[in-house]
Amino acid sequence: MKPRTIRGINDLLPDNLGTWRYLEEKIIQIVESYGFNEIRLPIMERTELFKRSIGEGTDIVEKEMYTFNDRNEESITLRPEATASLARAGVTNGLLHNQQQKLWTMGPMFRYEKPQKGRYRQFYQFNIEAMGFIGPDVDAEIIILCQRMWKQLHIDQISLKINSLGDKKTRSDYREDLINYFSSHEQQLDENSKNRLHQNPLRILDSKNPEMKSMIDKAPLLSDYLDSASIDHFEKLKEIISSAGIEFEVNPKLVRGLDYYNRTVFEWETDALGSQGAVCSGGRYDGLIEKIGGRPTPAIGWAMGMERLVSLYELSNEKISKLSPHIYIVVDGEKSQRKAYKISEELRDLNPSIRIQLNMGGGSFKSQLKRADKSNADYAIIIGNDELENRYLSIKFLRQKRDQIQVPLGDYKQIADLVLN
Ligand code: ATP
Ligand code: MG
């Protein structure tokens, strides 16, 4: 029997990574053009960090974390998201006191969810976080950054939903009223929502159950509970992004699943990927850093699901294929093989971006040329006896009708110019 991966956890194969790499490189270039710098974080943290930051009553902490004890009986968790680790790293390394940080990171996250298209147990996120910024100027800027990303990546089936969660008091007053409202409609709640009622009633608003829709539609609205400073913050944000030409919809039911958010929250969504529509989601978490042991530091960020981004990209753009060699070198015997090493090293010296595949394991000319074709190389360089004797190289065009040319041995520049045109 073939060995398999763990359910919901996939290998990413060379055939698919062309698009991934292209998107990652573009995104890095864009976020760096806004002053974000890379940070790399551990994949494991103390379980406590996530319980404290994401919140005990959330789906993630309650039932989605990969948690285990290490050999020292310490509870460890594979990170389900990056913001908590970023905030922790900021505090651990003294990056936040009297400073502002704009950071990006990317990598795998782990959640024990029901696997389906666009929802996996190991998935990849690209994150940016701006820490030490009170906003709403920076809230607007990271949204404007997203807009630039969609434009440069040719992604158009995407729309922006925003909301404000207000301050701590807003959330607790609202929470209480929401529990009262849902309790008075308890017979209409499904099992899942009944379980959430006291732990995380805001999450019930996210329910996709059509039978609960009209009841949820009549629930109290968070926007009626906002404090005046948060209203002001939200109004300014809307003003800035409007004048930047960004279209958005205020969705008063957008509450996000994690406890640490306040004020600005947003989600870029698509209808094009079926039910897994959230592509890039974020918000402000002014209380988080203090909660995990740092000084009070306002902050905001977003996380983008790379699998969903790749799918969305490939819906309206051609998939980017894996890299194939520019040159496949065909040899004839030992002397020729040694020459081939030398030639390929000198070509790489001349231009490090040339991709050269040297024939390995011998074989007749015919079988080597077959391998050259299979490798998808553009050209074959042939080093036969006649070539060695008369100091030239034959270059065979593998993708064009033109047959073959000869280049003097040592004229690597001509070869590089030809293959990289
Ligand atoms: P969803 O509503 O789809 O469950 P979420 O609110 O749990 O998303 P976040 O925790 O905000 O998502 O994570 C940010 C982004 O990471 C999401 O917008 C989505 O693109 C992606 N994402 C979240 N969970 C998964 C998963 N299990 N598999 C693949 N991508 C995911
Ligand atoms: Mg989720």
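Below is a summary of the structure that appears in this document. (Residues numbered from 1 in each chain as written. Chains lettered and ligands numbered in written order. Predicted model: local features only at pLDDT ≥ 70, side-chain atom pairs only at ≥ 80, totals over all residues. Heavy atoms only, no water.)

**Concerning the pairing of strand 3 (residues 66-69)**
On a regular strand, each side chain points to the face opposite its neighbour's, so the side chains alternate between the two faces of the sheet.
Working step 1: Where strand 3 and strand 4 (residues 75-78) come together, four bridges link them in antiparallel fashion. In the strand pairing of strand 4, Asn 69 is matched with Ser 75. (Pairing = 2+ DSSP bridges. Helix = DSSP H or I, 4+ residues; strand = E, 2+ residues; numbered from the N terminus.)

**Concerning the environment of Leu 309**
Working step 1: Assignment of secondary structure puts Leu 309 in helix 11 (residues 306-316).
Working step 2: As a C-alpha pair, Leu 309 and Val 61 span 248 residues in sequence and 25 Å in three-dimensional space.
Working step 3: Those residues in contact with Leu 309 that lie beyond four places of it in its chain are Leu 23, Ile 27, Trp 150, Leu 153, Ile 155, Val 279 and Met 304. (Contact = heavy atoms within 4.5 Å.)

**Some points on the sheet that holds strand 6 (residues 122-131)**
Working step 1: Taken together, the eight strands give an open sheet; going across it, the order is 1-5-6-11-10-9-7-8, and neighbouring strands pair in mixed fashion. Because the sheet does not close on itself, it has two edges, and the strands there are strand 1 (37-38) and strand 8 (248-250).
Working step 2: Note: strand 5 (residues 101-110) against strand 6, 10 bridges, orientation antiparallel. Looking at strand 6, one finds that Thr 105 is bridged to Asn 127.

**Some remarks on the site of ligand 1**
Working step 1: Taken together, 15 residues are adjacent to ligand 1, and Arg 111, Glu 113, Arg 256, Ala 278 and Ser 281 come closest.
Working step 2: Note that an oxygen atom of ligand 1 is positioned 2.9 Å from one of the side-chain N or O atoms of Arg 308.
Working step 3: Taking 580 Å² as the accessible area of ligand 1 by itself, protein coverage stands at 90%.
Working step 4: Taken together, the elements giving at least two residues each to the shell around ligand 1 come down to strand 6, strand 10 (278-284) and strand 11 (299-305).
Working step 5: Ranked by the residues each element gives to the shell around ligand 1, the list is headed by strand 10, at four residues. (Near = heavy atom within 4 Å. Polar contact = N/O pair within 3.5 Å; in protein donor to acceptor, adjacent residues only side chain to side chain. Areas by Shrake-Rupley, 256 points an atom, 1.4 Å probe, with all protein chains shown as cover.)

**Some details on the pattern of salt bridges**
Working step 1: A full pass over the atoms with the stated rule returns 24 salt bridges.
Working step 2: With a closest N to O distance of 2.9 Å, Glu 38 and Arg 40 form a salt bridge.
Working step 3: On the basis of relative accessibility, which here comes to 35%, the residue Glu 38 falls in the partly exposed class.
Working step 4: Owing to a relative accessible area of 70%, Arg 40 belongs among the exposed residues under this scheme.
Working step 5: Ionic pairing is found between Lys 213 and Asp 217, a salt bridge with its closest N-O pair at 2.9 Å. Of this pair, Lys 213 and Asp 217 are both found in helix 8 (residues 213-217), four residues apart, which corresponds to roughly one turn of the helix.
Working step 6: The class of Asp 217 is partly exposed, set by a relative accessible area of 39%.
Working step 7: Taken together, the salt bridges that share partners define one network made up of Asp 59, Lys 63 and Arg 196. (Salt bridge = Lys/Arg side-chain N within 4 Å of Asp/Glu carboxyl O. Buried < 20%, exposed > 50% of the residue type's maximum accessible area, 1.4 Å probe, protein only.)

**Looking at the packing of aromatic side chains**
Working step 1: Throughout the structure, instances matching the rule amount to 11 aromatic pairs.
Working step 2: Ring geometry for Tyr 66 against Tyr 112: centres 5.9 Å apart, planes inclined by 75°, an arrangement best described as edge-to-face. On the criterion of sequence distance, the pair formed by Tyr 66 in strand 3 and Tyr 112 in the loop between strand 5 and strand 6 is long-range, its members being 46 residues apart.
Working step 3: Residue classification places Tyr 112 among the partly exposed positions, given a relative accessible area of 45%.
Working step 4: Ring plane angle 65° and centroid distance 5.1 Å describe the contact between Tyr 174 and Tyr 225, whose orientation is recorded as edge-to-face. Of this pair, Tyr 174 sits in helix 6 (residues 168-183) while Tyr 225 is found in the loop between helix 8 and helix 9 (228-243), placing the two residues 51 residues apart along the sequence.
Working step 5: The class of Tyr 174 is buried, set by a relative accessible area of 1%.
Working step 6: Residue class for Tyr 225 comes out partly exposed when judged on its relative accessible area of 23%. (Phe/Tyr/Trp six-rings, centres within 6.5 Å; stacked < 30°, edge-to-face > 60°.)

Geometric values such as these leave the question of function open.
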